[in-house]
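Each chain is listed here by its residues.
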Amino acid sequence: MRRLRLAIVGLTACSGCQLSLLNCEDELPELLKRFDFHFFPMACSPALLDDEYDAALVEGCVSMPHERELLEELRRRSGYLVALGTCAVFGGVAALRNGEDREQLRRHVYDDNQVAVETCDPQPLASVVAVDAGVTGCPPEKEELLRLLAGLIRGALPVGIDYPVCTECRMRENLCLLTERNMLCLGILTEGGCGARCPGLSVPCEGCRGPLVEANLTEALEIYAQKSFDRATVLGRLRRFCPEWQS
Ligand code: SF4
Ligand code: SF4
């Protein structure tokens, strides 16, 4: 059977999503039999973008001109282009300060040191090229990555998860941190798929998987208000991983 040819690339990101893939250590031998990781600069050298790809898996968001060019090149060369992780799907933490003056941000980070890097507000991949599918998560769960790869072998793309973190949390019979501990937990509005990992450890959901497609913000804000969390506080927390949450 022909091995599928992949390009795996990180743009503005922490590399955590690519690392999650490399951490599938038990599965890597099998994956190498089925996939040709032809362009994977983080893991393989030399990395030459010189071929056509069955799929490109792209982590991170677009914040520099050369990233836009690379993404467009990947789009031209790839059958499928998959956004890998919350940064790629929604903008993620890199987009936290979108809308603020970039020169002021540069001075805040680099002081008066000269930095010859042109940047723009970090954008999710779909604002630059057509994206065939996204796997959210910061980073995505290992099982989601393996399901994505297994699907590619069959020519199938992952479908989004249409239930919130709360669903998995209740199935695990966790104590509800919002209703019983008065903690600001964002599981109501956040796409599931993580198995409610954080609430299961008594840590409130931070919304790192981004918004549930049919999230009912109005209803949720009423529930939060009953627990004394005002609209600005809730939206401020939600926007840490997805700047598109509207006020
Ligand atoms: S989604 Fe999270 S883990 Fe992945 S690159 Fe962005 S910050 Fe890192
Ligand atoms: S702890 Fe959070 S994720 Fe779990 S049920 Fe309560 S609000 Fe939902």
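What counts and how
Here the residue index of a chain counts from 1 through its sequence in written order. Lettering for chains starts from A, numbering for ligands starts from 1, and both go in the order in which the items are written. The predicted origin of the model limits local features to residues at a pLDDT of at least 70 and limits the giving and counting of side-chain atom pairs to 80 or more, whereas totals for whole chains, interfaces and linings rest on all residues. Helix and strand labels come from DSSP, where a helix needs a run of H or I of at least four residues and a strand needs a run of E of at least two; each type is numbered from the N terminus. Burial is judged by counting the other C-beta atoms within 10 Å of a residue's own C-beta: 20 or more makes it buried, 12 or fewer makes it exposed, and any count in between marks it as partly exposed, with every C-beta position built from the backbone. A pair of residues counts as a contact when their C-beta atoms, built from backbone coordinates, are within 7 Å of each other. An automatic or database domain assignment is the source of the domain bounds shown. Side-chain classes are defined by residue name, with Ala, Val, Leu, Ile, Met, Phe, Trp, Tyr, Cys and Pro counting as nonpolar, Asp, Glu, Lys and Arg as charged, and the others, Gly among them, as polar. Each pair of strands is called paired provided DSSP finds at least two bridges between the two strands. Here an axis means a line fitted to C-alpha atoms, over the contact stretch when the element is a helix, while the angle between two N-to-C directions is reported on a 0 to 180 degree scale. Any residue whose backbone-placed C-beta atom lies within 6 Å of a molecule or strand is treated as near that molecule or strand. Crossovers are marked right-handed if the path from the first strand over the helix to the second runs clockwise, as seen with the strands pointing away from the viewer. Between the first and last residue of a helix there are one fewer steps than residues, each counted as 1.5 Å, and that sum is the expected span. Relevant arc is that of directions from the helix axis to the C-beta atoms, nothing else. Take the buried Ala, Val, Leu, Ile, Met, Phe, Trp, Tyr and Cys residues, join any whose C-beta atoms are within 7 Å, and the set you get is a nonpolar core.

1. A word on the environment of Val89
For Val89, the location among the structural elements is in helix α4 (residues 86–90). Using a count of 28 C-beta atoms within 10 Å as the deciding quantity, one classes Val89 as buried. For Val89 and Pro124, which are 35 residues apart along the polypeptide, the C-alpha to C-alpha distance reads 5.5 Å. With sequence-adjacent residues up to four places away left out, Val89 is seen in contact with Ala83, Pro124, Gly134, Thr136 and Gly210.

2. Points about the domain arrangement of the protein
Annotation of the protein at the domain level lists domain 1 (4–154) and domain 2 (165–238). Centre-to-centre separation of domain 1 and domain 2, based on C-alpha positions: 27 Å. With 8 residues of domain 1 at the interface, the matching set in domain 2 holds 6 residues. For the side of domain 1 that touches domain 2, the element with the highest residue contribution is α4, accounting for 3 residues. Among the residues making up the side of domain 1 that touches domain 2, the classes are represented as 3 nonpolar, 3 polar and 2 charged.

3. Concerning the sheet that holds strand β2 (residues 35–39)
What the 5 strands build is an open sheet, ordered β2-β1-β3-β4-β5; its pairing is parallel. On the outer flanks of this sheet lie β2 and β5 (133–135), each paired with one strand and no other. Strand-to-strand twist across the sheet, computed as the mean angle between neighbouring axes with direction ignored, equals 30 degrees. Summarising the sheet, strand β1 (residues 4–10) and strand β3 (residues 53–59) pair through 5 bridges and their orientation is parallel. Bridging across to β3, Ala7 finds its partner in Ala56. Sitting on the sheet, helix α3 (residues 65–77) is in contact with β1, β3 and β4 (78–84), with an inclination near 135 degrees to β4.

4. Looking at the site of ligand 2
Of all residues adjacent to ligand 2, which total 14 residues, the nearest are Cys166, Cys169, Cys176, Cys185 and Gly187. Elements with a contribution of two residues or more to the shell around ligand 2: α7 (165–171) and α8 (177–181). Looking at which element gives the most residues to the shell around ligand 2, the answer is α7, with 4 residues. Here the residues of the shell around ligand 2 sort into 11 nonpolar, 2 polar and 1 charged.

5. Quick word on the site of ligand 1
Not every one of the 13 residues close to ligand 1 is listed here, only the nearest: Ala13, Gly16, Gly85, Cys87 and Cys138. Where the shell around ligand 1 is concerned, the elements lending two or more residues are α1 (16–22) and α4. Partitioned by chemical class, the residues of the shell around ligand 1 number 7 nonpolar, 5 polar and 1 charged.

6. Section: the pairing of β3
Counting buried residues in β3 gives 6 out of 7 residues, a clear majority hidden from the surface. One ladder, built from 6 bridges, connects β3 with β4; its direction is parallel. Residue Tyr53 lies in a different strand from β4, and its bridge partner there is Ser78. Between the parallel pair β3 and β4, the chain is carried across by α3, and the sense of this crossover is right-handed.

7. Section: α3
In this model, α3 (13 residues) spans 19 Å end to end at C-alpha, consistent with the 18 Å of a helix rising 1.5 Å per residue. Residues of α3 that are buried: Glu67, Leu71 and Leu74. For α3, the buried positions fall inside an angular range of 60 degrees around the axis, keeping them on one side. Away from its buried face by more than 90 degrees, α3 exposes Pro65, His66, Glu69 and Arg76.

8. Here we look at the nonpolar core
Judged by nonpolar contacts, the single largest core of 58 residues is most densely connected at Ala7, Ala56, Leu57, Val58, Val82, Leu84 and Ala88. In terms of residue count, β3 provides more of this core than any other element does, 5 residues in total. Each of two domains, domain 1 (4–154) and domain 2 (165–238), supplies a minimum of three residues to this core. Excluding residues within four positions of it along the chain, Leu84 makes contact with Cys17, Leu57, Val58, Glu59, Val135 and Pro140.

9. Some thoughts on helix α9 (residues 217–226)
Of all 10 residues in α9, 1 are buried; the element is thus mostly exposed. With its phi angle positive at about 70 degrees, Ser228 sits one or two positions after the end of α9.

10. Overview of the pairing of β1
Burial runs high along β1: 5 of the 7 residues are buried. In this structure, β1 lies alongside β2, joined through 4 bridges in parallel fashion. For Leu4, the partnering residue across the bridge sits in β2 and is Phe35.

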